[in-house]
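Residue-level listing of the chains:
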Amino acid sequence: MPKEFSALVVNKTEENFSVNIESFSFNDLPDGDVTIRVHYSSVNYKDGLASTPNGKIVQKYPFVPGIDLAGTVTSSNDSRYKEGDKVIVTSYELGVSHYGGYSEYARVPGDWVVPLPDNLTLKEAMTFGTAGFTAALSIHQLEKNGLTPEKGPILVTGATGGVGSMAVLMLAKRNYQVTASTGKESEYDYLKKLGAKEVISREDVTPEKIRPLGKQRWAGAVDPVGGKTLASILSNTKYGGSVAVSGLTGGAEVPTTVFPFILRGVNLLGIDSVYCPKDLRETLWNRMATDLKPEGLGTIINEVSLRELPQTLTDILQGKVRGRTVVNILV
């Protein structure tokens, strides 16, 4: 292994804030049981926040962001993993308080590591990344609560984002009738190519005035938006339907009433991909390699190098990124 390697480092002092590619040694890596040669990482909204001075993600500087990584084990003190194993690490404290995936090498606790399933490449794993994992967990929980294709249309909000794009692809693979919602009229054709049967505007989902109980439109929904959008979805969910919420880009306050829950038996499912238990995590990655693996997975990839990454982190915060961006650490 090399004596030094490259990593993207964010640093904050009283005078300035910087995002640079710097040289690291293995002594710079945090403690952990498994050392990994990182092949790919990905770009998530949280990574964009970590690359800004006021993003409230990173607590201690200097720091290496990147909440996802996939690569090959180079050394391990954990008997479950050996040199040469292909593995995935997403969430937990990776890229938040523990050096993340924007580095040629990473060292992590063994409990964070998931073996790469058969029928999934390292690049495909990072095409999914945390966004795909969150979409898969949303669908898994919706189906546990009785959702089937025969129940009717499934709404996906924020559909051009990472979680939304993945949810559209996965639900289409499972033969659901997907209605995709976006605030970007220019992306309607893109969403139909992903498998959406219908594309509607953000305003159609969230009118100016939200009724306590509206028309029963959705058998279920994948919502990474939250806020007023979630309140409107709940109002328009069919009897016994479920809504899986995983984000708050539309705000943390949800101006709803108890009526959808006590008059229609609607289920609100909280989706936490960060501390999802390891057994369920492995189950989901195996589903993402089989029944939740869409044929069009490669259609939503934008690939960048480590040196191109700073601009991409800026772009995702400005809403200029659609689908999934994979970071090729090998180039």
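Things to note about the layout of surface pockets
Reasoning step 1: Looking at the largest pocket, its volume works out to about 1300 Å³.
Reasoning step 2: Lining the largest pocket are 44 residues, with Y45, V163, P224, G247 and T249 positioned closest to its centre.
Reasoning step 3: Among the elements of the structure, helix 1 (45-50), helix 2 (122-144), helix 3 (162-173), strand 9 (178-182) and helix 5 (202-205) are those that each provide at least two residues to the lining of the largest pocket.
Reasoning step 4: A breakdown of the residues in the lining of the largest pocket according to their chemical character gives 17 nonpolar, 22 polar and five charged.

With respect to the pairing of strand 12 (residues 237-245)
Reasoning step 1: Strand direction decides the pairing type here: strand 11 (residues 218-223) and strand 12, joined by five bridges, are parallel. Looking at strand 12, one finds that W218 is bridged to T237.
Reasoning step 2: For the crossover from strand 11 across helix 6 (residues 227-235) to strand 12, the handedness is right-handed.
Reasoning step 3: By the bridge criterion, four bridges tie strand 12 to strand 13 (residues 267-270) in an arrangement that is parallel. The residue of strand 13 that forms the bridge with A244 is L269.

Notes on the pattern of salt bridges
Side chains bearing opposite charge may pair, as long as their charged atoms lie close to each other.
Reasoning step 1: A full pass over the atoms with the stated rule returns 13 salt bridges.
Reasoning step 2: Among the salt bridges present, the one from R80 reaches D78, with a minimum N-O distance of 2.7 Å.
Reasoning step 3: R80 sits in the partly exposed class, given a relative accessible area of 41%.
Reasoning step 4: Across the pair D85 and K82 runs a salt bridge whose closest N-O atoms are separated by 3.0 Å.
Reasoning step 5: When its relative accessible area of 17% is taken as the criterion, D85 is described as buried.
Reasoning step 6: Note on K82: relative accessible area 54%, which makes it exposed.
Reasoning step 7: One network of salt bridges, in which partners are shared, links E143, R174, R287 and D291.

Side note on the side chain of T182
Reasoning step 1: Mapping T182 onto the fold places it in strand 9.
Reasoning step 2: The class for T182 is buried, based on a relative accessible area of 5%.
Reasoning step 3: In terms of polar contacts, T182 uses its side chain to reach the backbone amide nitrogen of K184, at 3.0 Å.
Reasoning step 4: If near-sequence neighbours (up to four positions away) are discounted, T182 is found in contact with T160, Y188, L191, V199, I200, S201 and R202.

So, unusual backbone geometry
Reasoning step 1: Cis geometry marks the peptide bond from Y61 to P62, where omega comes out at -10°.
Reasoning step 2: Along the chain, P62 turns up in the loop between helix 1 and strand 4 (68-76).
Reasoning step 3: Of note, the phi angle at K56 is positive, near 60°, even though the residue is not glycine.
Reasoning step 4: The phi dihedral of Y92 falls on the positive side, at around 50°, and the residue is not glycine.

What about the nonpolar core?
Reasoning step 1: Among the nonpolar cores identified, the biggest contains 50 residues, and F128, V156, V168, M170, L171, L191 and W285 are the most heavily contacted of them.
Reasoning step 2: For this core, the leading source of residues is helix 2, giving 11 residues.
Reasoning step 3: Apart from residues lying up to four places away in sequence, V168 is in contact with V156, A159, V178, A180, L191, L194, G195 and A196.
Reasoning step 4: Formed by 41 residues, the second largest nonpolar core is a distinct cluster that contains V43, Y92, V96 and V113.

Quick look at helix 9 (residues 309-317)
For an α-helix, the turn length of 3.6 residues means that residues three or four places apart are oriented alike.
Reasoning step 1: Here helix 9 has its buried residues at L309, T312, L313, D315 and I316. Viewed end-on, helix 9 has its buried residues packed into an arc of 160°, placing them on one side of the element.
Reasoning step 2: Buried positions along helix 9 lie against strand 1 (4-12), strand 3 (34-43), helix 1, strand 14 (301-305) and strand 15 (324-328).
Reasoning step 3: Just beyond helix 9, the residue with positive phi is G319, at close to 70°.

Observations concerning the packing of aromatic side chains
Reasoning step 1: What the rule picks out here adds up to 10 aromatic pairs.
Reasoning step 2: Their ring planes at 80° and their centres at 6.4 Å tell us that F128 and W285 sit as a pair that is edge-to-face. In this pair, F128 is assigned in helix 2 and W285 in helix 8 (residues 278-288), connecting sequence segments 157 residues apart.
Reasoning step 3: Judged by relative accessible area, which is 1%, W285 ranks as buried.
Reasoning step 4: Among the aromatic residues, those joined into a ring-pair cluster are F5, F24, F26, F63, Y99 and Y105.
Reasoning step 5: Over the face of the ring belonging to Y190 we find R322, whose NZ or CZ atom lies 4.0 Å from the ring centre.

Cut-offs applied
Residues numbered from 1 in each chain as written. Predicted model: local features only at pLDDT ≥ 70, side-chain atom pairs only at ≥ 80, totals over all residues. Heavy atoms only, no water. 1 Å grid on protein atoms, 1.4 Å probe; cavity = no way out; pocket = protein on both sides within 12 Å on 5 of 7 lines; lining within 4 Å. Points joined across faces, edges and corners; volume = space filled by probe spheres on them. Helix = DSSP H or I, 4+ residues; strand = E, 2+ residues; numbered from the N terminus. Nonpolar A, V, L, I, M, F, W, Y, C, P; charged D, E, K, R; others polar. Pairing = 2+ DSSP bridges. Right-handed = clockwise from strand over helix to strand, strands pointing away. Salt bridge = Lys/Arg side-chain N within 4 Å of Asp/Glu carboxyl O. Buried < 20%, exposed > 50% of the residue type's maximum accessible area, 1.4 Å probe, protein only. Polar contact = N/O pair within 3.5 Å; in protein donor to acceptor, adjacent residues only side chain to side chain. Contact = heavy atoms within 4.5 Å. Core = buried A, V, L, I, M, F, W, Y, C linked by side-chain atoms within 4.5 Å. Arc of directions from axis to C-beta. Phe/Tyr/Trp six-rings, centres within 6.5 Å; stacked < 30°, edge-to-face > 60°. Lys NZ or Arg CZ within 6 Å of the ring centre and 35° of its normal.

Nothing here speaks to function; it is geometry throughout.
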